[in-house]
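# Descriptive structure summary
Residue strings, one per chain:
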Amino acid sequence: MNEITPHHVDNVNKVKKTIPDYNTITDLSDFFKILGDSTRLQLLMALEQSELCVTDLAYLLNMTISAVSHQLKSLKTAKLVKIRKDGKSVFYSLDDDHIKKLLSVSLEHLREK
């Protein structure tokens, strides 16, 4: 199938053992697609600072409640945000510290340039 012969077989074999399988790569690609939307990134950056409800997020981003809710659903499905209910109120926060670290490292990288 592959007619190419590698020049550095040892290196290729070493790398081949460490690369995740295709399904994992696809999941990672989908994860980055979710992060690739500026509105969703704004929501995540806001939630990095504090747990907030949809109304507060809509106010902060100058968006409709419906639009914010739609984006939050995508973020929740991707396990980037979680909810906490307090009576009739629903509060959103980052799902875990990995998300905060990812945002922080990405922003740090961007600011280095």
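Below, the structure is looked at part by part. No experiment lies behind these values; they were computed from the predicted model shown.

Definitions and cut-offs
- Residues numbered from 1 in each chain as written.
- Predicted model: local features only at pLDDT ≥ 70, side-chain atom pairs only at ≥ 80, totals over all residues.
- Heavy atoms only, no water.
- Helix = DSSP H or I, 4+ residues; strand = E, 2+ residues; numbered from the N terminus.
- Rg over C-alpha atoms; globule rule 2.2 N^0.38 Å.
- Salt bridge = Lys/Arg side-chain N within 4 Å of Asp/Glu carboxyl O.
- Pairing = 2+ DSSP bridges.

This paragraph deals with the overall build of the chain. On a plain count of helices and strands, the chain comes out with six helices and three strands. Ordered by position from the N terminus, the helices and strands of the chain form the series α-α-α-β-α-α-β-β-α. Taken over C-alpha atoms, the radius of gyration comes to 19 Å for the chain, far larger than the 13 Å a tight globule of 113 residues would show. Along the three orthogonal principal directions, the C-alpha set of the chain runs to about 60 × 30 × 20 Å.

Counted according to the given criterion, the structure contains three salt bridges. For Lys 33, the salt bridge is made with Asp 30, and the minimal N-O distance between the two is 3.8 Å. On the criterion of helical spacing, the pair formed by Lys 33 and Asp 30 is a turn pair, its members being three residues apart in helix H2 (residues 22–35). Between Lys 101 and Asp 97 there is a salt bridge, with the nearest N and O atoms lying 3.8 Å from each other. Of this pair, Lys 101 and Asp 97 both sit in helix H6 (residues 97–112), four residues apart, which is roughly one turn of that helix.

One ladder, built from two bridges, connects strand S1 (residues 52–53) with strand S3 (residues 89–94); its direction is antiparallel. From the neighbouring strand, Cys 53 faces S3, where its bridge partner is Phe 91. Alignment of strand S2 (residues 81–86) against S3, held across six bridges, turns out to be antiparallel. Paired with Val 81 across the two strands is Leu 94, which belongs to S3. Hairpin connection between S2 and S3: a loop of two residues separates the two successive antiparallel strands, and Gly 87 in this loop has a positive phi of roughly 65°.

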